[in-house]
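Coordinate analysis (summary)
Listed here are the chains, written in short residue letters.
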Amino acid sequence: KLQFLYLIGGRAGIMLRAFRGTAAAVRRRAPAAAWATRRWGVRVPEEGEVELGGVRCRVATPADPELVPIHSYLPDDQETLGQLRWMMQKWNLGQDMYLLGPPGPKRRWLAFKFCHSLMKEVEYLALSRDTTEADIKQRREIRDGSLTFVDQPAVRAAVHGRVLLLDGVERVERNVLPIINNLLENREMSLEDGRFLTNPARYAELQKEHSEDELRAMGLIPVSPHFRVISLGLPVPRYEGVPLDPPLRSRFQCLDVTSTSLGMMLAKVKATAPRLKEVDAETLVGFLSGKLAAEEGGTDQDREQHFPDVLEEDLMRWAASANAFPEDPLVESLRRVYPYHIMADSKVDGGASRKFMTSVLTRYSLHDPDFSENSPVRRTQSVYSLAGIAPDAAPRQALLSFASGKGTTEAYPCGCGEADPDNWGAPEDLLQTPTFKSDLANMMKDHCLGRHLCIVGPRGCGKSALASAFARMLGYSDKLSVVHCHWDMSSRDLLQRRVTEENGNTTWQAAVLTDAAVHGRVVVLDGVDKFPPGVLASLGRLFVDGEVTLYDGTILRCSEDYQTLLEDGFTREELTAKGVLEVHPAFRIIALAHTAADSEDAKSWVEGEVQHFFAFHKVTTPHVHELHALLKHANPHQAVADKILKLHTSLAAAHEGDSAVPVMSLRQLLRLAKGSPDLSYLHAAVSDVLLVDLMPQFAADRVNAIIESIPIEDTRTGASELTVQKTEGTLSIGATKANILPLRNPEDAALIPSIVFHDNPEHLESLRKLLHDLNGTDHVLMIGKQGVGKNRLVDRLLQLLERPRQYVQLHRDSTVASLTVRPEVVEGKLVWEDAPLVKAARSGHILVVDEIDKAPLEVVGVLKGLIEDRDLLLSDGRRVVDKLKPDGWSEAEGAIEIHPDFRLIALANVPGFPFLGNDFFAACGDLFRCHLIDNPTKASALEVLQQYGPSVPVHVLNTMVDAFDELQQHVAEGLLAYPYSLRELVAVVKHLEAFPDDGLVTALKNVFNFDTYDAHSKELIEGVFESHGIPLSGKARQVHQLALVPAIPLPPPEVLLKYALGAAESARGRVVVTVSAPDVKTYQWPHSPAVDARVMEGRDEGRFDERLYSLPVPGVVRALAATPDNALHALVEVDGTAALMTWHGKNLYAPVFNRPCSLDHGNSRLLKLDLPLRDERDSPAAGYTLHAFGGSNTVAVVGTASPVVLLVDPKQRTGAYYAPQILRRYAPQTSSPDEFSLPQLLEDGGGAAKPWKRGLFAAFSGSASNAAAPVRQDTSAYRHGRIVLYDEEEVVVYDHATTAWLTFALEGAELGASIRAVRTLSKEALLITTETGVFIAQFAPGNAVPTIAELTQTEGGALELDNADWAQEAPCSAEYPRGGFVPSHGALIWGEVQGDGDAGTVVARRRPDGVPGRPLTAGQECGAAGWGK
């Protein structure tokens, strides 16, 4: 029988007749019926039709009634009826519809209600970013060895006259949906199997000329005239997603599915929550209206900072919670249905959004102190506590009792697991704190209301423990399914996966969500915040409605609709044959997610469509007293728990002021407590948990200071006493022992590492610690730079333990599937081969995961399931579980039991440059026992090298160890990027051992040739090795013997000076110093006791404390210089011109950089030099250098591309500040083509300007096109207090002491060729090199004209000059300035001045031998002592 339901709306002309019946009933036409009402004057429609506001639609006769929607969540109010009337209009016009609106299920419910009213079959397709053409049109399948095509929703709907419902158009890629454009416009589509969907009108015309069989043979398939498309989408922009493609948009008619009016909403709230007080119901609706009103009028940018809309569905869920548990504060229920406290964590707006939401809550008396004050510890608890759990009379159902603090009790039924009720309950070893019990009670309350759960909290806070306790207490734990989410997952991985049967046919197999939904189990989605956008949203129908359409066409119906189908006459066998399955009412999803601080993009998953999927529960840091109880439960030693708690609170307080200071998670604190049997182990455990050496220096110093202040002392013994002893069945390293397990399989012997390892004290200590951890139940993470021996240590330990090893090396392209199982095609079938991870877990081997920091974090994050949860779902549907139980997972279900001897050792490089891997320690480090492996000490390194190179001399090995140690210090200081390690040293020693004739330089070049093209690194490395006597800068020959010269010890020290510091004379403010050298002299200078006490107290002036100062500048630094007064000077480009900045320091260890100097940010004082640093094309113009005079605090700015010389005193006192002052400015006033006059630069005796030749300053200024080569400067002159500029013809000398400029021209007659180089030997002498000779220009006291003498060549051989700085030996006597001129790195030229002060010659002699310390054998007027130095 047909059942008629007549509904008359509140407005005239609105009437609805809805139909529902069994498959048999709807196939026959009902007898005529009439119904009329005079009040509305509406004509009664014929039977089998629906009329709504004058719009008629015929009711269909479905061929497959199971595809007709049954349950409708929308009431028959005026708003809904009006929207249905619009849809009926579009149906009659043959137009496709687009339902647009905010997130939520209302658009989907409206479409289902429309199809239910007209008895239309629905093909539902949830769209996502993974949707392809094969999901819409046809999918290829293999059947009996042949390729076939299976129609998908779009084709099935078009052929059978169904409604194609596309849900989530904004989630699909932009160029996917246009494949249905022609189907929408012309009702035509070409299919992959060669058929062609034809417009029904055109097909009717063809039927007049061809038979049905002929048309079918031509591949023409008519599209049903009843085919329609209804698309559901969000408005983009405003919400995230892909905008509609214009051709696609033009083919739809759009309806804005707006929200319900506030009056209707209040009525719905009262109907949903009859126990709710009137004022509370008004508060619920008022909060929604108040939030919307507060956001109106804002810009798009303002709305982004606001919270997402409160949906009508959220309001109904809020009302249901308040009705079920009336004693709970309204804000407590609101936090679970509308997670504003979680959304606020993802907004980076300085707290503006938090203040906004607080104001809205306060306006409606919804006080939430935890949210407004952003407290890390929850201070409010639930009013209701869980009073009892008992099995109910119905199967798979439990009865939960909740007691409030006011004495009332609420009891509600809920779904439960398959386990025996006698085994229900939390684990015995689980300590439930009050906060834990409150969170668990709130989860139980939402479970009774039929909601899925989401637990949000920081890493290691106990989310997994909370989910596990929930499952255990309700009997779900035996077959609890845990899915570790990652970025590469899609909804297909959760619902169905493709498999190959034994005969080669491809088919679909139920995935974890589908299997759990059918059997009524709990699924834990660990890390839903890692899902790509749209994955969770595409599962919205399952989360909200409890229904889903699978990829093979199977439909999962909610229990209520499934029971309706049974009542309508279907049997379970018939429904199963039609692909309709029931979703068990006990099915639940528990999602685990990180907070915004730990999640890469918290906003993308918690807002939008997802916010109404779950009841949200935020886990916070336990209270101090709860944390102390947890620590004592993990470690009964009171002193250990007290120190760990004090360490946690101190680190948390320091973290608030400095985010670089880490905060330990609850997982780390408990691991620390369990790993410290007593106080003697605590320091080592803290070091392993925090890894202070990986922190920035300032953070490490602060953490070390906190550890010392507690105090946590290091009582570990040294590693030098350790020995390895291996007896039958036992391995001992020091006091640590472990059993050597027998091999279970003889083939496993091939998996035991066999290496050559040389023991040393440091590596033995690392092996002892590894042995201790592997002997327990912990997994190990080893972090270190490359080449420090991580792999060697692991292989050595496994070799000693005789343990088989499974090895896997990760990389950028590693995936979760490749980490667990590998697909292979065997005899035409797709089979899954176990990866080393699965093999090791099954067989009890040691799994070594190398380069774990190179794989994406979402890939290695799944290891949490294997390590902590001991539950890992594989790509082929099997799962790795802790234990196989009679009532739990079995081998028949594809379960693999984790062997108790299985251990995992992960190897990772340190995070950051130059390794550029992921920060695995920050992401997953709290899951492991961590060990930091660093370069060995010098003694350990030398011991290892002696094993690899026994014939290499020890002093050579020592020298290389010292050099590499210095290189590693440069790496720590940031001067070198590549971290040189023991691996490179071993490679050099191996080469020397095998090919001793190649020499040390050749062997070292094999390592350092990588740095050949990096000038900075090359210079620094060569300098380090040259300081150790290894000339790495020279070109190595193919066969080059090099031996280090034996060290010559220095003679005993000779006392040259004695001084005594006398008492300060307070009246004169001076301190007295008495010096004897050998004459006794007394000096005095002003003394400030207060300053000296502050600077010197408690400091070691001989220690470099690695302090780093950041000095802000308003432009680009072009040059730097330092003066003896501990001042730093910078030549800065500001707006294209030069400026000078100066920072003064009190001393090397306490620089006062905040004293107002040349730049004060408050008053913006800056010495501008008015020198252009940009050319006409606004390109950087080089040519200005900055130098400091030796023995003076004055700096010089010299232009090599323009004739400018500035002398600046950076520390002129101006009132209360230091400000730089320009002492002198030398620059041309005229620039004639013939001569270049510098009246300020040179003056003759009468003060008249002296003309200069074109040679030097014409090139200096660049004013003449035929100028000589550019001017150059002698940088070695500044330390002698002079400026020396020269070109090919002239030399200009400025003496800073006398402020006089000297010049002399060296004509061709004097020098015989052009000038090549000028070097300042002292204040009295210049060394001038020309094309043909070498000259000495010597200035006598009081004489501005130098005496020029040529260095003659004696005893054969040519004189060679290099670019080294030159120094002058002390003169032999005060009367005649005689001496030898030597470079800084060894003597090349020896000479003496012969003659009087007015004229003389210089005689140069070559060294007769190359042995240092030997005097000359001829021309020694000054004596051997003077020449031998």
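Here, every reference points to the structure presented above.
Read on for a plain summary of the structure. (Residues numbered from 1 in each chain as written. Predicted model: local features only at pLDDT ≥ 70, side-chain atom pairs only at ≥ 80, totals over all residues. Heavy atoms only, no water.)

What to know about the pattern of salt bridges
By the definition in use, this model includes 62 salt bridges. Among the ionic pairs, Arg56 bridges to Glu49, the shortest N-O distance being 3.5 Å. In this structure, Arg156 and Glu123 form a salt bridge, with 3.0 Å as the shortest nitrogen-oxygen distance. You can see Arg156 sitting in helix 5 (residues 153-160) and its partner Glu123 sitting in strand 6 (residues 122-126), a full 33 residues away along the chain. (Salt bridge = Lys/Arg side-chain N within 4 Å of Asp/Glu carboxyl O. Helix = DSSP H or I, 4+ residues; strand = E, 2+ residues; numbered from the N terminus.)

Some remarks on the side chain of His484
Take His484: it is sitting in strand 19 (residues 481-484). Take His484: its relative accessible area is 8%, and that puts it in the buried class. Polar contacts involving the side chain of His484 include one to the main-chain carbonyl oxygen of Asp871, which spans 3.4 Å. Residues contacting His484, with those up to four places away along its chain left out, are Met489, Asp526, Val862, Lys864, Gly865, Asp869, Asp871 and Leu872. (Buried < 20%, exposed > 50% of the residue type's maximum accessible area, 1.4 Å probe, protein only. Polar contact = N/O pair within 3.5 Å; in protein donor to acceptor, adjacent residues only side chain to side chain. Contact = heavy atoms within 4.5 Å.)

Digging into the packing of helix 10 (residues 262-272) against helix 13 (residues 312-324)
Helix 13 packs onto helix 10 with a crossing angle of 35° between their chain directions and a minimal axis gap of 9 Å. In this structure, helix 10 crosses over helix 13, and the sense of that crossing is right-handed. Listed contacts from helix 13 to Met265, Lys268, Val269 and Thr272 of helix 10 are Glu312, Leu315, Met316, Ala319, Ala320 and Asn323. Classifying every residue of the contact of helix 10 with helix 13 by side-chain character gives six nonpolar, two polar and two charged. (Axes fitted to C-alpha atoms, helices over the stretch in contact; angles between N-to-C directions. Left-handed = near helix turned anticlockwise from the far one by under 90°. Nonpolar A, V, L, I, M, F, W, Y, C, P; charged D, E, K, R; others polar.)

As for helix 29 (residues 682-690)
It helps to recall that an α-helix has 3.6 residues per turn; residues three or four apart then point in one direction. With eight of nine residues buried, helix 29 is to be regarded as a mostly interior element. Packing partners of the buried residues in helix 29 comprise helix 27 (638-657), helix 28 (666-674), helix 30 (697-709), helix 31 (761-775), helix 37 (920-924) and strand 40 (929-933). Taken from the residues just after helix 29, Leu691 is the one with a positive phi, measuring 50°.

Brief notes about the environment of Ser1017
In this fold, Ser1017 is placed in helix 42 (residues 1015-1027). When the C-alpha atoms of Ser1017 and Tyr978 are compared, they prove to be 9.3 Å apart, with 39 residues separating the residues in sequence. Apart from the residues within four sequence positions on either side, Ser1017 is in contact with Leu976 and Asp1011. There is a polar contact of 2.8 Å between the side chain of Ser1017 and the side chain of Asp1014.

Focus: the pairing of strand 45 (residues 1127-1134)
Among the eight residues that make up strand 45, seven are buried, leaving the element largely enclosed by the rest of the structure. Across seven bridges, strand 44 (residues 1116-1123) lies against strand 45 in antiparallel orientation. Looking at the pairing, Ala1121 lines up with His1129 of strand 45. (Pairing = 2+ DSSP bridges.)

Quick notes on unusual backbone geometry
Generally, phi is negative for residues other than glycine and the peptide bonds are trans, each holding for most cases. In this structure, the amide linkage connecting Val236 to the following residue, Pro237, adopts the cis form with an omega of 5°. Inspection of the secondary structure assignment puts Pro237 in the loop between strand 13 (228-233) and helix 9 (246-249). Here the residue pair Ile710 and Pro711 is connected by a cis peptide bond, since its omega of -10° sits within 30 degrees of zero. Topologically, Pro711 is positioned in the loop between helix 30 and strand 28 (724-727). Although it is not a glycine, Ser365 adopts a positive phi angle of roughly 60°.

Comments concerning the sheet that holds strand 9 (residues 163-167)
Consider a sheet: its strands pair through backbone hydrogen bonds, and that pairing is either parallel or antiparallel. Across the sheet, which stays open at both edges, the five strands sit in the order 6-9-13-5-14 with parallel pairing between neighbours. Among the strands making up the open sheet, the edge pair consists of strand 6 and strand 14 (252-256). This sheet shows a mean twist of 20° between the axes of neighbouring strands, independent of strand direction.

Any functional reading would require information beyond the geometric quantities listed.
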